[in-house]
Amino acid sequence: MRRILLIGAGAGDPAHITMQAVAALNDADVVLAFDKGEDKDGLMQLRREICARYVTRPGSRIVQIENPQRRADAGYLAGVDAWHQARADLVRAAILREVPDGGCAAFLVWGEPGLYDSTLRVVERAMVGGGLDATVEIVPGISSVQVLAAHHRICLNEIGEPVLITTGRRLAEDGMPARGSAVVMLDGGLACAALTGQGLDIYWGAGLGTADEVLVAGKLDEAIAQIRAERAAFKAKRGWVMDTYLLRRRPEPA
Ligand SMILES: C[S@@+](CC[C@H](N)C(=O)[O-])C[C@H]1O[C@@H](n2cnc3c(N)ncnc32)[C@H](O)[C@@H]1O
């Protein structure tokens, strides 16, 4: 029986890592990571920094797993399903190859493993059908959503109101929820730009937790031009951009 640990890596700052995560990392024989070629989102660099800072276990090493391409021609959900299966097959093979029976493998997962991340689903699939017998544990991490709220010095919710965490794709299809705030992730196209004229405020952040972090807050109608410009400048500088934002209705003046 092997152990598989999914460890929250934080949203970009190696100091986000928890004491529990450090202990878990030091239990692992190997830290597994999907190889995205030129490290398009900076995740590989963050993993290396975290391991260099916190791993003291002799012989611990990072092992990269080939990252299969996601096909877009079969539709979104079918494409994701096939991609997860391909990743699961590679994870199973890598764990059986790199981790002895009784050993421990860790994944350093961006932000919080339980929020818009497929590693858990992929690992569960890797164990389907036998061949890989393992226990799975999750060590929670600091999500980009928490960092967004902290660095804007806001609460995610208003008093007694709900918060919807959604994607740019869903925001474009569903619009603002009837009540409360919406946190939007995975939005490469700033879907919020279609929601101007509705009295919304926006709290936006790119590269949260990194040295290049950019924050913009204000009325959506007025802030959207600056957000577009900051987003483009960030991408030009880093080669990638990850951004998250919160939308909510501006309170009526008393
Ligand atoms: C695949 S999801 C991973 C979310 C992650 N599990 C978390 O808890 O933050 C990637 C999305 O998270 C958001 N994100 C992750 N890290 C970020 C950061 N440092 N700054 C801004 N947004 C970030 C972006 O919306 C990005 O498109």
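Residues numbered from 1 in each chain as written. Predicted model: local features only at pLDDT ≥ 70, side-chain atom pairs only at ≥ 80, totals over all residues. Heavy atoms only, no water.

Among the 16 residues in the neighbourhood of the ligand, the closest are listed as Ala-11, Trp-110, Ser-144, Asp-243 and Thr-244. Here a nitrogen atom of the ligand and a side-chain polar atom of Trp-110 are 2.5 Å apart. Between an oxygen atom of the ligand and a main-chain N or O atom of Leu-186, the distance comes to 3.0 Å. Burial of the ligand by the protein chains amounts to 90% of its free accessible area of 560 Å². Class assignment of the residues belonging to the shell around the ligand gives a composition of eight nonpolar, six polar and two charged. (Near = heavy atom within 4 Å. Polar contact = N/O pair within 3.5 Å; in protein donor to acceptor, adjacent residues only side chain to side chain. Areas by Shrake-Rupley, 256 points an atom, 1.4 Å probe, with all protein chains shown as cover. Nonpolar A, V, L, I, M, F, W, Y, C, P; charged D, E, K, R; others polar.)

Here the focus is the sheet that holds strand 6 (residues 163-167). The strand order 6-7-10-8-9 describes an open sheet built from five strands, whose pairing is mixed. Of all strands in the sheet, those with a lone pairing partner are strand 6 and strand 9 (214-219), marking the two edges. Within this sheet the neighbouring strands show an average axis-to-axis angle of 15°, counted without direction. In this structure, strand 8 (residues 200-206) lies alongside strand 10 (residues 243-249), joined through seven bridges in antiparallel fashion. In the sheet register, Ala-206 faces strand 10, and the bridge partner there is Asp-243. Where helix 5 (residues 144-152) meets the sheet, it contacts strand 7 (181-185), strand 8, strand 9 and strand 10, and its direction lies at approximately 110° from that of strand 8. (Pairing = 2+ DSSP bridges. Helix = DSSP H or I, 4+ residues; strand = E, 2+ residues; numbered from the N terminus. Axes fitted to C-alpha atoms, helices over the stretch in contact; angles between N-to-C directions. Contact = heavy atoms within 4.5 Å.)

Turning our eyes to something else, we now look at helix 7 (residues 220-238). Over its 19 residues, helix 7 extends 25 Å from the first C-alpha to the last, a length consistent with the 27 Å expected when each residue adds 1.5 Å. When helix 7 is considered as a whole, its buried residues turn out to be Leu-220, Ala-223, Ile-224, Ile-227, Arg-231 and Phe-234. Residues of helix 7 that are buried in the fold lie against strand 8, strand 9 and strand 10. In the stretch just after helix 7, Gly-239 is the one whose phi turns positive, near 85°. (Expected span 1.5 Å × (residues − 1). Buried < 20%, exposed > 50% of the residue type's maximum accessible area, 1.4 Å probe, protein only.)

Summed over all chains, the structure comprises one aromatic pair. Relative to Trp-240, the ring of Phe-234 lies with its centre 5.7 Å away and its plane at 70°, an arrangement referred to as edge-to-face. On the basis of relative accessibility, which here comes to 4%, the residue Phe-234 falls in the buried class. Looking at Trp-240, the relative accessible area reads 10%, which means it is buried. Stacked on the ring of Phe-34, the Lys or Arg Arg-87 has its end atom at 4.0 Å from the ring centre. (Phe/Tyr/Trp six-rings, centres within 6.5 Å; stacked < 30°, edge-to-face > 60°. Lys NZ or Arg CZ within 6 Å of the ring centre and 35° of its normal.)

Bringing unusual backbone geometry into the picture now. The phi angle of most residues is negative, glycine excepted, and most peptide bonds adopt the trans form. Backbone geometry at Tyr-116 places phi at a positive 45°, although glycine is not the residue there. One can find Tyr-116 in the loop between strand 4 (104-109) and helix 4 (119-126). Accessibility expressed as a relative area gives 41% for Tyr-116, which makes it partly exposed. Backbone geometry places Leu-186, a non-glycine residue, at a positive phi of 50°. In this fold, Leu-186 is placed in the loop between strand 7 and strand 8. Residue classification places Leu-186 among the exposed positions, given a relative accessible area of 60%.

Taken together, the side chains of Tyr-116, Val-163, Ile-165 and Leu-186 make up a nonpolar region of the molecular surface, amounting to roughly 350 Å² of accessible area. Among the structural elements, Ile-165 can be located in strand 6. (Patch = residues over 30% accessible without salt bridge, like charges linked within 9 Å, V, L, I, M, F, W, Y side chains within 5 Å. Salt bridge = Lys/Arg side-chain N within 4 Å of Asp/Glu carboxyl O.)

For the rest of this paragraph, the subject is the pairing of strand 6. Of the strand pairs in this sheet, strand 6 and strand 7 are connected by five bridges, and their pairing is parallel. If you follow Val-163 over to strand 7, its bridge partner there is Ser-181. Read as a crossover between parallel neighbours, the route from strand 6 over helix 6 (residues 168-174) to strand 7 is right-handed. (Right-handed = clockwise from strand over helix to strand, strands pointing away.)

The gaps left among the atoms become clear once a water-sized probe is rolled over them. Quantified by volume, the second largest pocket comes out at close to 200 Å³. Taken together, 15 residues form the lining of the second largest pocket, with Gly-12, Gln-45, Glu-49, Thr-210 and Arg-238 sitting closest to its centre. Of all the elements, helix 2 (residues 43-54) adds the most residues to the lining of the second largest pocket, at three residues. Along the lines of polarity and charge, the residues of the lining of the second largest pocket split into five nonpolar, five polar and five charged. (1 Å grid on protein atoms, 1.4 Å probe; cavity = no way out; pocket = protein on both sides within 12 Å on 5 of 7 lines; lining within 4 Å. Points joined across faces, edges and corners; volume = space filled by probe spheres on them.)

Read across the sheet, five strands follow the order 3-2-4-1-5 without closing on themselves; strand pairing throughout is parallel. The sheet is open, and its two edges are formed by strand 3 (61-66) and strand 5 (134-139), each paired on a single side. Within the sheet, the average angular offset between the axes of one strand and its neighbour, ignoring direction, is 30°. In this structure, strand 1 (residues 2-8) lies alongside strand 4, joined through six bridges in parallel fashion. Across the sheet, the residue bridging to Leu-6 is Phe-107, located in strand 4. Along the sheet, helix 2 contacts strand 2 (30-35), strand 3 and strand 4; its crossing angle with strand 3, the most-contacted strand, is approximately 160°. Lying on the sheet, helix 3 (residues 76-98) is in contact with strand 1, strand 2, strand 3 and strand 4; it crosses strand 3 at an angle near 145°.

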